[in-house]
Structures are given as C-alpha cells and as structure tokens.
Amino acid sequence: MNKSTLWIAVAMLVVGLGVGYWLPDSDSGSDSGSVTESGSPVVAGKKEPLFYRNPMNAEITSPVPAKDSMGMDYIPVYADSESNKSSAGTVEIDSMVVQNLGVRTAKAKKTTISRTVRAVGRVDFDEEKMTRLHPKVEGWIEEIWIDKTGQQVNKDDILLSIYSPKLVSTQQEYLLALNNLAALKQSPFEEIRRGAEDLVKSSRQRLQLLDVPEHQIRELEKNRQVKKSLHIHSPVAGTVINIGSRQGQHVSPGTELYMLVDLSQVWVYADIYENDLPWIKEGDEVEMTLASVPGKTFTGTLSYIYPYAESKTRTTKVRLVFDNRELLLRPNMFSEVVIRADSQPDAVVIPSEAVIRSGQETQVFVVRDAGKFEPRIVKLGIESEGRVAVLEGVEAGDEVVTSAQFLLDSESKLREATAKMMENLNEAKTASEMMSSEAMDHEDMNHEGMNHEGMNHEGMNHEGMNHEGMNHEGMNHEGMNHEGMNHEGMNHEGMNHEGMNHEGMNHEGMNHEGMSHDSHMMEPGHVSEDGAHQHD
C-alpha cells in the first residue's frame, strides 16, 4: 500500500471517531428536554408537526402556526411512524384542511372509450335517392300541377299533362286493336283470333312504355275516346329540387322535367387530416351536431373513405350516412362531426384533470385513507372528451384526486425529499456509531504497512491483531491492552507505551529503539538480566 492510501485510511478513522463521539451526546440531550420550536413542551403520544405550510404556496413554511395574507391557516406537516410505513411521497392532511382546499375525487371505472376524430361536415343529398324525370316523347306542356321547388310529392302524384301527337296516334292504334279483337273474337279460325289478341297486347304495352298512366289506359278502354293530353306521374316520393319546364313549353326526351330527391336519408361529407386517417375505418360510429338543432345529437356511420386527397387542403374526404326522417338535416348545412375511432371496451377510465404531467412521467394521487393521498406513476392510453384510459397504475374502483392535486404534488415532493434526507442522515449516524472506538473490534485485523504516527489509541482493544510491518512512530498507546497481539517486524521507534499491558505479546523482531517502557506490565520472563526485553 502506498503512503497516500495510508493517510486516507487514517483520516477516515479520525472522522469516524469524532462523529461517533458527538452524535450520542446530541441524541441524549434532545431526549431529555423535548419541546417544540415554539417553546411549548411535547405531550407524550401526541403528534407534533414538523412545520406549517402556506396553503396557497407550498414553498412558504413556518415553524409555528400562522395565517397567510388571506387569513387561511397554514397546513401542519407531520412525520409520524404511519407516514414512514407508507410509500415515498405519501401526503397526510387533516380532513378539515382537505375540505378547505376543495379537494375533489372521482372513482376509476371500466367503460368503453374511443379515440375522438373531429371534423367539419357538410350535409348533402343521398345520391342513391335522386331521381331525374324526362318525357319519353316530344310534345307540349298542357298543364302543370307541381310548379314550385321544395314541394313534397308522393309516389304516383300527378306532376303535369303533356300533349304529344305520338301519344294520340298510339291511343288510336290501341282502340283499333280493341275493335279488331271484338270483330274476330267469334272467328272459327284460331290463328286469326290469336293474332287479334296479340295486336291488342302490343298496343297496350306500347302505351305503358311511353309512361301513359294505368288509370288513363283503363279509361280509354272503357270510354273508347282518345285523349289529347296525358298525365305524367311521379315515380318516387320525395322533394322537388328542380323544375325544368313550364306550361306551354315544348319538351323532348332530352328535357329534364323534374329533379326529385328522397331526403329521408342524407350524406355528410367531412375532410379528415392525414394524421387522423390511420385511426378511422368504414363502419365507425359517428355523432353530429348542428347549430340549427341545438341540444340534439344525430348518430350515423362512416360508409366510405375516398381513395384520393384534396390537392389544396391535403385532406381526405369521407362519406357519412345519417337518417333524416324528421327532415331536420338540410343539404348544404355545416355541422360538427365526431368520429368514434379505435374503440376500446372495458378500459379503466379516469378524468383527464386527475393526471399530473411532469417531464417524462405522468402520475395521479390515489386516496389511501381519510386525508391520506398516495402518488402513483401511471401509463396512459386513449384520451377523449375529458377522459383518459389508464393502462397501468390504477385499477377500477380506485379513488383519484381531480382538484388541488398540484398542491398535493408539491407537498409530496417535499415529503419525499425530506424522507430521503432523513434516511441518509440515519445511515450516516449508524455508520458513525459502528466506527466508534468503544464499539470497534480489531480482532484478527491485518494492519500491515499502516502508519499510525501521532494517533491516540487510548482505551482501544487490539486483541488478536497482526501489526506486522506497521510504523507506530510517535504514537501514544497509553492504556491500551495488546494481549495476544503479534507485533512481529514492527518499528515502534519513538513510541510512548506508558501504562500499556503487553501480557502475552510476541515482540519478536520488533525495533524498540527509543521507546519509553515506563509502567509497562510485563511478564518476568520477558526481561533479561540487564533489564532488556527478552524475545523468544
């Protein structure tokens, strides 16, 4: 061992002896006169606060009870045995103080939670329920019954009447076929009768293909009179969106007479941003609200995600389907859309306000008992509409703090720091007590090569120690008991061994030059005739 290492060992021993000497005295003195910092005596069995904390600012403390600028009492902070048994950072506050601070709690519960994707929607027609009406023949509009857009029509309602020479000639052909069938009905030739019947069927079918209403065909068969104008009926029920002709107008098959839409079901288009696209899929539940219908939420489904994005906005259009039997959803209205994506059933959910986010960790305070709050590190999942799913750290039924948790957090941090400081202090105290001179046992220790120059070993027990090769120059070993020690090879030059008991020591090979042996207790066999030590 080099010299610097020896000096470090000596210095550590001296420091340990000094700390061990002073700490027991200070502990005993504190036990004898227990008073609070305010000077009042401590009652046995009663918890005394360590200090008092400002309820509005955790950094302001007082050693005695006090009030803040608003007249609120400072919060007492305790350090009792029950708190020590709790996990680090656990906060215990009086129930009255909890009420004054306005601490609110909520229970974690299992429920379904989903990721919320919000977008702006635009109501539009259901393209599958749109009908455009065109005439099958050329003609002129004789009379119009539905002449306003927005009117509601039912299936088979009369929309208008049209005069067409083609329709007139078709009626005449049908009447001729009927008369021919009546004349040949009694013919003995079956083929002639069958030909007359086929002519009637084809003439009637032609009227039907030209959209002549059934009631007018029956009326023609009954009255046998050709009508100048024939009716055009609505093929579906719906709302008139567009009227393409007016009374007296000439129309052809290329003319759009009406545009009808069934509004009992509507589509809603919404633009979704790129970062939300991975979470949505067809079939997701959708909720929609409108400013024109306050307090009502419409429920629909996501039916289609378009396979292209808009070049200007870089968003992707999706199509949503909503029921509209009450006709409250009007095309071209704007709405607020919420898509419930990535749904997770049976998730442990707590209010978002209960979470404290600090750095890379998130934690909540769980109520352990009345006035006792324990901080827990949690792992969070989906957050939606003021709720957040907890994956780890909280179980269903746990009660978490939802308000005033930041004050509890500051108190918890201080508690944890104080607990760690006291733990380190207790460890240092224990170590110093173990290093005390009365408690040290040097039996069987090997101090070979150590330099104890100038050290005071008074009262130490070195029984069984091997000091081979040690240099004890200048040491004062007064009162030491070296019984059974082997000092072979030691250099005790200049040492004062006054009052030492060397009974049973083996000093073979030792250099005692310059040593003072006054008052040594030595065996008779250890002294020669000339007064020198006898070494076996």
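Heads up: the structure comes first, above all this text.
All of the points below concern the structure found in this document. (Residues numbered from 1 in each chain as written. Predicted model: local features only at pLDDT ≥ 70, side-chain atom pairs only at ≥ 80, totals over all residues. Heavy atoms only, no water.)

It is worth spelling out helix H6 (residues 214-223) at this point. For an α-helix the count is 3.6 residues per turn, leaving residues at separations of three or four pointing the same way. Residues Gln216, Ile217 and Leu220 constitute the buried set of H6. For H6, the angular spread of the buried residues around the axis is 105 degrees, confining them to a single face. Buried residues along H6 sit in contact with helix H4 (165-184), helix H5 (190-209) and strand E11 (229-233). Positioned one or two residues after H6, Arg224 has a phi angle of 55 degrees, which is positive. (Buried < 20%, exposed > 50% of the residue type's maximum accessible area, 1.4 Å probe, protein only. Helix = DSSP H or I, 4+ residues; strand = E, 2+ residues; numbered from the N terminus. Arc of directions from axis to C-beta. Contact = heavy atoms within 4.5 Å.)

Backbone geometry places Asp156, a non-glycine residue, at a positive phi of 75 degrees. Secondary-structure assignment places Asp156 in the loop between strand E9 (152-153) and strand E10 (158-163). Looking at Asp156, the relative accessible area reads 52%, which means it is exposed.

What follows is about the pattern of salt bridges. Overall, the coordinates contain 18 salt bridges when judged by the stated rule. As a salt-bridge pair, Arg204 and Glu221 come within 2.4 Å of each other at their nearest N and O atoms. Placement of Arg204 in helix H5 and of Glu221 in helix H6 is noted, with a sequence separation of 17 residues between them. By relative accessible area, which is 26% here, Glu221 ends up partly exposed. Overlapping salt bridges bring together Arg204, Glu214, Arg218 and Glu221 as one network. (Salt bridge = Lys/Arg side-chain N within 4 Å of Asp/Glu carboxyl O.)

Moving on: the sheet that holds strand E3 (residues 75-77). Pairing within the open sheet is antiparallel, and its 3 strands lie in the order E2-E1-E3. The open sheet terminates on both sides in strands that have one partner only, identified here as strand E2 (61-62) and E3. In this sheet, E3 lies alongside strand E1 (residues 51-53) in antiparallel orientation, the contact comprising 3 bridges. When the sheet's bridge partners are listed, Tyr52 is paired in E3 with Pro76. (Pairing = 2+ DSSP bridges.)

Note on placement: Gln171 falls in helix H4. Classification of Gln171 by relative accessible area gives buried; the value is 3%.

On to the packing of H4 against H6. Relative to each other, H4 and H6 sit at 50 degrees, their axes nearing to 10 Å. One finds that H4 runs oblique with respect to H6. Seen along the crossing, H4 lies across H6 with a hand that is right-handed. Of the residues in H6, those in contact with Gln171, Tyr174, Leu175 and Leu178 of H4 are Ile217, Leu220 and Glu221. Class assignment for the residues of the contact of H4 with H6 results in 5 nonpolar, 1 polar and 1 charged. (Axes fitted to C-alpha atoms, helices over the stretch in contact; angles between N-to-C directions. Parallel < 35°, antiparallel > 145°, perpendicular 65-115°, else oblique. Left-handed = near helix turned anticlockwise from the far one by under 90°. Nonpolar A, V, L, I, M, F, W, Y, C, P; charged D, E, K, R; others polar.)

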